[in-house]
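One letter stands for each residue in the lines below.
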Amino acid sequence: MKASAFDYARATSVAHALELLTAHGERAKVLAGGQSLLPAMNLRLMAPEFIVDIGELAELRGVTVKGDVLTIGALTRHADLLKSPEIAAHAPLLRDAVAHVAHPAIRNRGTIGGSLAQADPASELPACMLALDATIIARGPRGERRIAADEFFAGIYETALAPQELLIAVELPVQPKDSTHYFHEFARRHGDYAIVGLAAQALVRDGRFADLRLGFFAVGDRPLLARSAGELIDVAVTPAVLAEASSALDEELSPLEDQQATPAMRRHLAKVLLMRCVSSLLSRPDLCTGVSA
Amino acid sequence: MTSTSANPETLSALDRPNSYIGKTVPRPNLDRLMQGRGLYVSDIELPRMVHVVFVRSPHAHAKIIGIDASAAKQMPGVIAIVSGGELAAVITPWVGVLSHLKGMKSAPQNAIAIDRVCWQGEAVAAVVANSRAQGEDAAELVSVDYQELDAVTDMRTALDPTTAVIHASLGDNLAFERNHDAGTVDQALAESDEVIEAEFIFGRHTGVTLEPRAVVADWNAAEARLTIYQGSQAPHMVQNIAALHLGLKESQVRVVCKDVGGSFGIKVHIYADEMAAYALSKLLRRPVKFVADRVESFNTDIHARDHRCKGKIGVKRDGTITAFEIDDLTGIGPYSMYPRTSAIEANQVVNLVGGPYVTRNYRARARVVFQNKNVMCQYRAVGHPIACSVTEGLVDLAAMKIGMDPIEIRRRNLIADDAYPCASPSGLRFEQLSHHAALAKLVRMMDYDALRAEQSALRARNIHRGIGIASFIEVTNPSAAFYGVGGAKISSQDGVAVRLDAQGSVICQTSITEQGQGSESLTAQIVGSVLGVSMDRVRVILGDTDNTPYGGGTWASRGAGIGGEAALQATKVLRKNILDVAAAILQSTAGELDIVNNVVVTVVDGAPRIELSELARIVYFRPDTLPPGIQPELMATRHFVPREYPFAFTNGVQASWLDVDIDTGFVKLLKHWVVEDCGTIINPQLVDEQIRGGVVQGLGAALFEKCVYDERGQLTNANMADYLVPMSGEMPDIDVGHVVSPTLESELGAKGAGEAGTAGAAAAVTNAVNDALKPFGAIITEIPLTPQIILTALGRI
């Protein structure tokens, strides 16, 4: 279990990293925290000819708040997100989600940019980006691009990033003080990739949703911002309304089969999650009884 | 802990002052391991050492048409590329059968496949290179031309006439069949008020040792001697087999087992790739290292379980169990493992089903079939989890049917604690078990009635919890009845040599081995206690065929019971010899003297007479001052094997308390209890942790672990992301209690404790899940109990 031989360069600046990517393009892979790339290389599932190590680019690491925008550098590690007071104050959904990302050893190395660029459909952070209405900042030979989260994820391990582009940061709108959130995933063991998960951000006023963004993950080839959330906004949520939203959700899902679950099971679990999420956000335990498929 | 001494007025060697027996003392090897100063096979670097990487078959069953290694041979660092045919010049094939398993058959297996591969992962060629990485690079360029053959993958159809026969010379795919019929089963079932049937399905899983299998083989052509460094549980067995197949005398083979990172039965077998490493060293006349990587481990470490067992139980309305009947089927891969065979697990299932219960009516059939999957063999608690899950599952189904509490039906049917010695319906002889004492203790520990009340209260709130109980028996301290009688050169006796060194410390050489269970500690505790020296003065040497007495090693829960007794007896002799010398020096008699805290003292008043260090100085450097005719022997050796009983059976009972989320099918383990009876407890912490570790392995089987094969015989989850081992986060607290019924076969009285945890854990969990699902009428008899299976049983998906 040794990686194939590869060439390696440690980038000394973002500009340098972009030069290397321009030169080596499709042959190259960016090494950030290495928590997905290195196992894949050691298993020889991937054999990139060139590794661009951006690990030393301190300029890409850290969380800042300016006005109502929260900016997270691409190299900010999961462990940093977990500890950051800015995240806790302005995007607590992300803090809750990161606690489900693998295990401490992996969270100490893994980065938010790495996770988003990897675009594993079963991972937590891409769905959070949808729920939080994030903008992904990429820089390439032709300058900087701002990509809306719901346009960034293109399929299993596929994103809108070009081979010559580097993910630099994500920007999140600071969540209003009365905003609430919900995060849960079903995984066989804590830290495993989810069978189905949900990252939700909501505004609840007078017992109704003024806004509701539902970011499902592991329900298809990419994270899903559920349109069916619309059925729950500005209405008095009754079991009947919820049931309708649930069947609308069903139509949006295109779950895959793997060793943990059939598509039918994923559909079922996504609906259980919707029910539990709505019940929790509205503090309405009555909505959670009698879940059925 | 409840303990009764058979003869309280006589103090045994174990009850001496300052005894370490029954005390939790730190393991002597702890600092070394905790400071990273252990020596595992991977750590061993020898001059001129090379690494072997195996090219492995991507097909489950295929003919090898040709191997082209020309491009690979040009790669940097490559020393040699060797095919199975070429290696056959130095090593002979083997057949994994035992003569006491009547009718058992298997085909000759080669170190590297010749002409044909029989499972995905079987080695086809060896690439020997200066480094593992160079070897892997070159291995990618070895081009093998295969012609795919029909793969036999489903054990249920392996014996069908339309299914391909894997080894034509055997005539069919049946490796072994055993039938057993005791009592009057048909009559008993006919007279039962209820007869319940179920099919129990067990997933294939494996041991997943932290340290993979590893070997460094060093053929010294000048000495004509092969040194094998290997993480094995049975060094003398490896010595015998390596010598046999390499055409050497046993005296030409030395096997050294330094630290071993977990074994669980995985490392007690002879693997083809390890044999290939020995042979390559002989062929290339230099040290060869093989360290399995994780993918290789999944594809080649023995798998276990993979049974489908139909069971039947008869019960009367008063709870009397009238009969058990089973029909077990298991698939073992294309070859029976060598030399212990792959039939032992099914054989154990037949032996153990119904074992805790009174009924004499028992019929069983077990069939063991070949298939084109990785080899299967004995893994921790061989056969026990199958037998226990089938038995205890049937007992619970019977209780459910007649509306009786699971504890009550067991109370009415478990063999009475005063009924021993007696025998099981399969003919196993029990010396002394304690099912009822164990069950009573378990009920107290878990506060059974309160738990039932809590369960009932929570059900009203749509929270569904279950209680599962599983009584079990456990095979430990095996005599020659296990393997020796079948012709395998696997020793069932063990030996220990103890000697006093020139400064009054003790060196102890034992033939049992250490893989983390505490062999070194228990040996030092026994030697220190019996001799009267402090443990820090006892140095234990194990795992080296040149430097230990001959013996079986550590497996089948035999280390403490057999190796421990040998240590006790050897130390008693040394003690007597020391006291004889002391008596001569002190002009006293041996009977008036004792050794306490490293000093020879007077028995009556404990007055110190001579330090052991001073005695040793006189013996070794001034023997001229001793009276004439005294020849001190400060070294003693004793061997031990149980002779009265083929196995020292132990018993116990487990309970699980868990929560089933009926919307998601997820199971949350809340608490687990074990009460077991391993006889004399040498180190309570080691026993308890061994029980807990065993339970965790059983819980892994119950909920998580499964080698998933597709219909073409491809293992599809050979990595740590997809093969789910139990992790601490999902594990419940495990409370352990003991009942102590020492075996009278040895002075030590210790039985084994290694299998108990694994034996009953899955049965307790399955019973608890079914208990939780009772209001929904769902019954599941398949493990692992995945959310998919539970949701399906509940009709939710």
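Small disclaimer: the values here were computed from a predicted structure and weren't measured.

1. Remarks on the UniProt feature "domain: Aldehyde oxidase/xanthine dehydrogenase a/b hammerhead" (unreviewed entry) in chain B
Item 1. When the UniProt feature table is mapped onto this chain, "domain: Aldehyde oxidase/xanthine dehydrogenase a/b hammerhead" (unreviewed entry) is found at residues 35–150 of chain B.
Item 2. This span, residues 35–150 of chain B, is 14% helix and 30% strand, and a straight line between its end C-alpha atoms measures 52 Å.

2. Some words on the interface of chain B and chain A
Interface size is commonly expressed as the accessible surface area that is lost when the partners come together.
Item 1. Contact residues are listed per partner, giving 31 residues for chain B and 25 residues for chain A.
Item 2. At the surface where chain B touches chain A, the tally comes to five salt bridges.
Item 3. Here R44 of chain A ties to E136 of chain B by a salt bridge, and the two come within 3.7 Å at their closest N and O atoms.
Item 4. Here chain B is connected to chain A by 13 residue pairs in polar contact (both at pLDDT 80 or more).

3. Details of the packing of helix α15 (residues 559–586) of chain B against helix α16 (residues 612–621) of chain B
Residues and elements named next belong to chain B.
Item 1. Here α15 crosses α16 at 80°, and the two axes come no closer than 11 Å. By the angle between their axes, α15 is roughly perpendicular relative to α16. In this structure, α15 contributes I578, V581, A582 and I585 to the contact, and α16 contributes L612, L615, I618 and V619.
Item 2. In terms of residue class, the contact of α15 with α16 is built from eight nonpolar, no polar and no charged.

4. Focus: unusual backbone geometry
The bulk of non-glycine residues show a negative phi, and the bulk of peptide bonds are trans.
Residue and element names in this part refer to chain B.
Item 1. In this structure, P339 follows Y338 across a cis peptide bond, with omega equal to -5°.
Item 2. Residues I783 and P784 are joined by a peptide bond in cis, for which omega reads 0°.
Item 3. Relative to the helices and strands, P784 resides in the loop between β32 (782–783) and α19 (787–793).
Item 4. Not every positive phi belongs to a glycine, and A381 is a case in point at roughly 65°.
Item 5. When its relative accessible area of 0% is taken as the criterion, A381 is described as buried.
Item 6. A positive phi angle is found at N597, which is not glycine, with a value near 50°.
Item 7. For N597, a relative accessible area of 45% gives the class partly exposed.

5. As for the domain arrangement of chain B
All names here are of chain B.
Item 1. According to the domain assignment, chain B contains domain 1 (13–38 + 493–640), domain 2 (41–149 + 212–260 + 266–300) and domain 3 (303–480 + 644–793).
Item 2. A C-alpha centroid distance of 39 Å is found between domain 1 and domain 3.
Item 3. Tallying the contact residues gives 28 residues for domain 1 and 23 residues for domain 3.
Item 4. Of the roughly 1,800 Å² buried between domain 1 and domain 3, counting both surfaces, carbon and sulfur atoms make up 55%.
Item 5. Our count for the contact surface shared by domain 1 and domain 3 stands at one salt bridge.
Item 6. Of the charged contacts in the structure, one is a salt bridge between E747 and K572, with a shortest N-O distance of 2.6 Å.
Item 7. The set of elements that each furnish at least two residues to the side of domain 1 that touches domain 3 consists of α14 (519–531) and α15.
Item 8. Among the elements that take part in the side of domain 1 that touches domain 3, α15 stands out by supplying eight residues, more than any other.
Item 9. Here the residues of the side of domain 1 that touches domain 3 are counted per class, giving 13 nonpolar, ten polar and five charged.

6. Looking at the side chain of Q525 of chain B
Item 1. Of note, Q525 of chain B is situated in helix α14.
Item 2. By relative accessible area, Q525 of chain B is classed as buried at 0%.

7. Details of the UniProt feature "domain: FAD-binding PCMH-type" (unreviewed entry) in chain A
Item 1. In this structure's numbering, the residues bearing the UniProt feature "domain: FAD-binding PCMH-type" (unreviewed entry) are residues 1–177 of chain A.
Item 2. The distance from the first to the last C-alpha atom of residues 1–177 of chain A is 49 Å, and the span holds 33% helix and 26% strand.

8. A short note on the packing of aromatic side chains
Residue and element names in this part refer to chain B.
Item 1. Per the counting criterion, the structure on display carries twelve aromatic pairs over all chains.
Item 2. Between the aromatic rings of F430 and F649, the centroid separation amounts to 5.1 Å while the plane-to-plane angle is 85°, which identifies the pairing as edge-to-face. On the criterion of sequence distance, the pair formed by F430 in strand β20 (residues 429–430) and F649 in strand β29 (residues 648–660) is long-range, its members being 219 residues apart.
Item 3. On the basis of relative accessible area, F430 is assigned to the buried category, the value being 0%.
Item 4. Classification of F649 by relative accessible area gives buried; the value is 4%.

9. What about the pairing of strand β3 (residues 50–53) of chain A?
Residues and elements named next belong to chain A.
Item 1. Along β3, one buried face is formed by F50 and V52 and the opposite face, lined by I51 and D53, is buried too.
Item 2. In this structure, strand β1 (residues 7–10) lies alongside β3, joined through four bridges in parallel fashion. The residue of β3 that forms the bridge with Y8 is I51.
Item 3. By the bridge criterion, four bridges tie strand β2 (residues 28–31) to β3 in an arrangement that is parallel. Residue pairing in the sheet places V30 in a bridge with V52 of β3.
Item 4. This β-α-β element, β2 to helix α2 (residues 37–42) to β3, shows right-handed connectivity.

10. Considering the domain arrangement of chain A
Residues and elements named next belong to chain A.
Item 1. What the domain assignment lists for chain A is domain 1 (7–53), domain 2 (62–173) and domain 3 (180–285).
Item 2. Just the C-alpha atoms count here: the centres of domain 1 and domain 2 sit 19 Å apart.
Item 3. Counting residues at the interface gives twelve residues for domain 1 and 15 residues for domain 2.
Item 4. Buried area between domain 1 and domain 2, both sides added, is near 1,100 Å², and the carbon and sulfur share of it is 70%.
Item 5. There are zero salt bridges connecting domain 1 and domain 2.
Item 6. Counting every contact that joins domain 1 to domain 2 gives zero residue pairs in polar contact (both at pLDDT 80 or more).
Item 7. Top element by residues in the side of domain 1 that touches domain 2 is helix α1 (residues 14–24). It accounts for five residues.

11. Topic: the nonpolar core
All names here are of chain B.
Item 1. In terms of nonpolar packing, the biggest core is built from 177 residues, with L87, Y278 and I469 touching the most fellow members.
Item 2. Here this core gathers at least three residues from each of two domains, domain 2 (41–149 + 212–260 + 266–300) and domain 3 (303–480 + 644–793).
Item 3. Each residue touching Y278, except ones within four places of it in the same chain, is listed here: V215, A217, L226, I228, Q230, V238, A242 and L246.
Item 4. Counting residues in each nonpolar core, the second largest holds 48 residues, with V540, I578, L612 and A750 among its members.

12. Overview of a nonpolar patch on the surface
Item 1. A contiguous nonpolar patch, built from I156, Y157 and L256 of chain A and spanning about 290 Å² of accessible area, is present on the exposed surface.
Item 2. Mapped onto the fold, L256 of chain A is located in the loop between α10 (239–252) and α11 (263–281).

13. A word on the sheet that holds strand β11 (residues 179–186) of chain A
Residue and element names in this part refer to chain A.
Item 1. In spatial order, the strands read β11-β12-β13-β14; together these four strands make up an open sheet with antiparallel pairing. Each edge of the sheet is formed by a strand with only one pairing partner; in this case those strands are β11 and β14 (224–225).
Item 2. Taken together, the two bridges between strand β13 (residues 208–217) and β14 define a ladder with antiparallel strand orientation. Within the sheet, the bridge partner assigned to G215 lies in β14 and is L225.
Item 3. Sheet strands touched by helix α8 (residues 124–131): β11, β12 (196–205), β13 and β14. Its angle to β13, the strand with the most contacts, is close to 155°.

About the cut-offs
- Residues numbered from 1 in each chain as written.
- Chains lettered and ligands numbered in written order.
- Predicted model: local features only at pLDDT ≥ 70, side-chain atom pairs only at ≥ 80, totals over all residues.
- Heavy atoms only, no water.
- UniProt positions renumbered as here; feature names shortened; annotations may be inferred.
- Helix = DSSP H or I, 4+ residues; strand = E, 2+ residues; numbered from the N terminus.
- Contact = heavy atoms within 4.5 Å.
- Salt bridge = Lys/Arg side-chain N within 4 Å of Asp/Glu carboxyl O.
- Polar contact = N/O pair within 3.5 Å; in protein donor to acceptor, adjacent residues only side chain to side chain.
- Axes fitted to C-alpha atoms, helices over the stretch in contact; angles between N-to-C directions.
- Parallel < 35°, antiparallel > 145°, perpendicular 65-115°, else oblique.
- Nonpolar A, V, L, I, M, F, W, Y, C, P; charged D, E, K, R; others polar.
- Buried < 20%, exposed > 50% of the residue type's maximum accessible area, 1.4 Å probe, protein only.
- Domains from an automatic or database assignment.
- Buried area = accessible area lost by both parts, 1.4 Å probe.
- Phe/Tyr/Trp six-rings, centres within 6.5 Å; stacked < 30°, edge-to-face > 60°.
- Pairing = 2+ DSSP bridges.
- Right-handed = clockwise from strand over helix to strand, strands pointing away.
- Core = buried A, V, L, I, M, F, W, Y, C linked by side-chain atoms within 4.5 Å.
- Patch = residues over 30% accessible without salt bridge, like charges linked within 9 Å, V, L, I, M, F, W, Y side chains within 5 Å.
- Areas by Shrake-Rupley, 256 points an atom, 1.4 Å probe, with all protein chains shown as cover.

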